[in-house]
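Close look at the chain arrangement
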Amino acid sequence: MNTTGIMSQHLRLHGAEIIARYAEFLRFPNVTSDSENIRRFAQFICGQYSEDDVRMELLELPGANPIVYGELESPNASRTIVLYAHYDAAAVEESEWSSTTPWDPALFSGRFDEGGVRLPWPDEGTPIDPEWRIYARAAADDKVSIFAMLEALRAIIELELQRTSNIIFFFDGEEEVSSENLVQFMKANRKRLGMGDVWLFCDGPMHPSRHPTLYFGARGYTGVDITVFGANRDLHSGHYGNWAPNPALELARLLSSMKDPEGNVLIEGFYDLITPLSDAERLAIDRIPPIDELLSEELELHDTEGQNQTYHERMLLPSLNIRGLESASVGESARNIIPKEATVSIDMRLVKDIDPETLLDAVEAHVRKQGFYILRNDPSSEIRRRHSRIAKIVRRPSDRAARTRMDDPHAIDVLQTLEHLFPDTSVAAVPTLGGTLPLYLICELFEKPLIILPFSNHDNNQHAPDENLRIGNLWYAIDVMSAILTMSP
Ligand SMILES: [Zn+2]
C-alpha cells in the first residue's frame, strides 16, 4: 500500500524531520514496570500534544501508571472519536538484540536479518524508501500510534485542513501487563469517556497482506491446566513397567479425545454458542485478501487445520490449543521411570457471545465422560485408592470476546475513509482479530462501536528482540490518522 492521500506531498517534503522526531520518541525507555521512566515519557507526550492545543492531563490512580488523557474540540463536530493507544512497552532482554540496543533507534535499508544494512539518519531532501525499517523497542508496539496522531495534528495545522470530529486521546500505560487498572480508570472517568461515539483502538500489527486494515473485534480467552496422576511417586520403569499405569499416556489419550485429525474440537457443546455471521461480515470475509498460501509458505506448513476453511474463517471459531505439556524429562535428563503425574496447559480462544465459564464446564464434562474423577487440588491417599483415573483441573482467568457490527454507521464512516484514501487497494476489513484485547470491557461499559486500527507491519518482532517498524507503515499511520481526523462529518 502506498500513501495516496493529501499527506503524500507533506510526507515527501518532511520525511527526514519526521523520522528524526520519531527517533526522539523512541529514545524514551517505557517498559511498564519502569515507573520513573514511564512517567517521564507520559509527561513528554503531554508536552508534545499541548503544543497542538490538546488539553492534556494525567489521570491517576494510586500505584498505577497514569493514563495520558487529552481532549480536543473541533468546530461544528457532530461526533466524538476516542483514540486508544498504549504508551508502555514490553520488557526487554538487551543481550538478545542484534540490530541495535532497545532504546537507541537505528535505521536499516530493510530487514537487517535479510541483508538490510544500517543507514545514517537521512538529511532533509534525501529520498526515503518506504522499505527502510527503524529498529527500537516500542517502534511498532505502540509508540507509532501515539506519534502518528501527533504528526497528523501537526500536518492538519500546517496544511490548514479542517478537523471534523471532537477527539479524546486515551493512552494506557499498563497494556503490556494486561491493563490491570483500565476498568477502574474508565469507571472513574465514565462521564467524559461516555461522550465518545466510536472507539478506535490503535494497536497491533496490520494484516499480513499489507492492505489497509480494520479489525472489528478480538477473540476472548480462557484456559485450564489439567494434571493426571499415577502412583504417589515416580516408579522404576523396569520394576514397574507393564504393571503400574502411566499418567502421561492417560493424558495423551484424554487430549486426543478432544480434537479430531482435521482440527475439529470434539467436546460436546463446544461450537453450540456461536452467533452466526451477519451478511455484512460474510461479505467482508469474502473480500479479505487471502493469506493462507503466504502464511503456510512463511511458516513452512504442509497443511492446516479445518481443510476447507480459510484462516479468517477459522478465527471466527473458538479454538482449543495445547500450550504446554509436562511429564518427567526428555533428552539428557530423561530417566527410566513411570512419571507420577502429567500436566497439560490448554488455552481456548473465544468468539462473540461465548461465556467462558460455560465453555470450561463443557471441557470438564468431557474429562469426566472419559472416566476421570475431577479435583481442584492434589488428591489425598484415600482418593488415589478409590479412583482409577484422577484429573486436577485449575481454571485460569478469562476475557470475553468482542465484535462490533460491521454495518454500524460509525464503522461504515471509518471503513469508507480508508477506501477513499486507498482507492487502488482493497481494505482488509476483518470481523475479528485472532488474539485477545481488553475490548469487551470497553464495549460493555460504554456500549459504543469499537474498531481496531493497527499501523505496524505484521513482521515487526513485537515483544521480541529487534522490534522494528517499516517506514512505509509510519507514513501509512500518519496518512490514515490525518484522514480520520478530517473525515466527512
Ligand atoms: Zn500493543
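Note that the coordinates shown come from a computational prediction; the quantities given were computed from them, not determined experimentally.

The subject of this paragraph is the nonpolar core. Core analysis: the largest hydrophobic core is formed by 74 residues, its most contacted members being Tyr22, Tyr49, Phe169 and Phe171. The next biggest cluster of nonpolar side chains, apart from the first, holds 32 residues, and it includes Ile67, Phe185, Leu445 and Ile452.

Close contact between helix α2 (residues 35-50) and helix α3 (residues 143-158) brings their axes to 10 Å; oriented N to C, the two are set at 20 degrees. Compared by their axis directions, α2 and α3 come out roughly parallel. Viewed along their axes, α2 and α3 form a crossing whose handedness is left-handed. Each of Phe41, Ile45, Gln48 and Tyr49 in α2 lies in contact with α3, whose residues at this interface are Lys143, Ile146, Met149, Leu150, Leu153 and Arg154.

A few words on the environment of Asp129. Position of Asp129 relative to the elements: it lies in the loop between β5 (118-119) and β6 (133-135). A distance of 2.8 Å separates the side chain of Asp129 from the backbone nitrogen of Glu131, its partner in a polar contact.

Next up on the list: the sheet that holds strand β4 (residues 106-108). Taken in spatial order, the four strands line up as β5-β4-β6-β21 in an open sheet, and their pairing is antiparallel. The sheet is open, and its two edges are formed by β5 and β21 (468-470), each paired on a single side. Where β6 and β21 come together, three bridges link them in antiparallel fashion. By the bridge assignment for β21, Arg133 is matched with Arg470. Contacting β4, β6 and β21, helix α15 (residues 471-485) runs over the sheet at an angle of about 70 degrees to β21.

With that settled, the discussion passes to the packing of helix α13 (residues 409-421) against α15. Viewed as axis vectors pointing N to C, α13 and α15 meet at an angle of 125 degrees, and their least axial separation amounts to 10 Å. Classified by the angle their axes make, α13 and α15 are oblique. The handedness of the crossing between α13 and α15 comes out as right-handed. Residues Val414, Thr417, Leu418 and Leu421 of α13 pack against Tyr476, Asp479, Val480, Ala483 and Ile484 of α15. When the residues that make up the contact of α13 with α15 are grouped by side-chain class, the tally is seven nonpolar, one polar and one charged.

The next subject is the packing of aromatic side chains. Counted by the stated rule, this structure contains 23 aromatic pairs. Aromatic side chains Tyr240 and Trp243 sit 6.3 Å apart centroid to centroid with 45 degrees between the ring planes, which places their arrangement in the tilted category. Judged by its relative accessible area of 29%, Tyr240 falls in the partly exposed class. A residue is classified by how much of its surface remains accessible, and Trp243, at 69% relative accessible area, is exposed. Taken together through their ring pairs, the aromatic side chains of Tyr22, Phe25, Phe28, Phe41, Phe44, Tyr87 and Phe147 make up a single cluster. Over the aromatic face of Tyr69 sits the side chain of Arg192, whose NZ or CZ is 4.5 Å from the ring centroid.

On to the environment of Ser78, then. Residue placement: Ser78 occurs in the loop between β2 (67-72) and β3 (80-86). On the basis of relative accessibility, which here comes to 53%, the residue Ser78 falls in the exposed class. Through-space distance from the C-alpha of Ser78 to that of Ala138 is 34 Å; in sequence the pair is 60 residues apart. Setting aside residues up to four positions removed in sequence, Ser78 forms contacts with Thr164, Asp197 and Pro489.

On to the coordination of the zinc ion, then. Protein ligation of the zinc ion involves His86 (NE2), Asp141 (OD), Asp203 (OD) and Asp203 (OD), the donor distances falling in the range 1.9 to 2.5 Å. Viewed at the metal, the four donor atoms of the zinc ion are separated by angles of 54 to 149 degrees, and the geometry they form is irregular. In the primary structure, the donors to the zinc ion are separated according to the pattern H-x54-D-x61-D. Here Asp203 lies in the loop between β8 (198-201) and β9 (213-215) and His86 lies in strand β3, a separation of 117 residues in the sequence. Taken as a pair, His86 and Asp203 share a single burial class, namely buried.

Looking now at the pattern of salt bridges. Following the criterion strictly, the structure yields 36 salt bridges and no others. For Glu364, the salt bridge goes to Arg368, with nearest N and O atoms at 4.0 Å. One end of the pair, Glu364, and the other, Arg368, are both in helix α11 (residues 356-369), four residues apart, so they sit about a helical turn from each other. Judged by relative accessible area, which is 6%, Glu364 ranks as buried. Because the salt bridges share partners, they merge into one network encompassing Glu357, Asp361, Glu364, Arg368, Arg376 and Arg395.

Below, the discussion takes up the side chain of Gln48. Its location among the elements puts Gln48 in helix α2. Among the polar contacts listed, one links the side chain of Gln48 to the side chain of Arg154, at a separation of 2.9 Å. Dropping the residues within four chain positions of it, Gln48 is found in contact with Leu150 and Arg154.

Calculation notes
Residues numbered from 1 in each chain as written. Predicted model: local features only at pLDDT ≥ 70, side-chain atom pairs only at ≥ 80, totals over all residues. Heavy atoms only, no water. Core = buried A, V, L, I, M, F, W, Y, C linked by side-chain atoms within 4.5 Å. Buried < 20%, exposed > 50% of the residue type's maximum accessible area, 1.4 Å probe, protein only. Axes fitted to C-alpha atoms, helices over the stretch in contact; angles between N-to-C directions. Helix = DSSP H or I, 4+ residues; strand = E, 2+ residues; numbered from the N terminus. Parallel < 35°, antiparallel > 145°, perpendicular 65-115°, else oblique. Left-handed = near helix turned anticlockwise from the far one by under 90°. Contact = heavy atoms within 4.5 Å. Polar contact = N/O pair within 3.5 Å; in protein donor to acceptor, adjacent residues only side chain to side chain. Pairing = 2+ DSSP bridges. Nonpolar A, V, L, I, M, F, W, Y, C, P; charged D, E, K, R; others polar. Phe/Tyr/Trp six-rings, centres within 6.5 Å; stacked < 30°, edge-to-face > 60°. Lys NZ or Arg CZ within 6 Å of the ring centre and 35° of its normal. Donors = N, O, S within 2.8 Å, 3.2 Å for Na, K, Ca; no water. Tetrahedral: all angles 85-135°; square planar, octahedral: opposite > 155°, others 65-115°. Salt bridge = Lys/Arg side-chain N within 4 Å of Asp/Glu carboxyl O.

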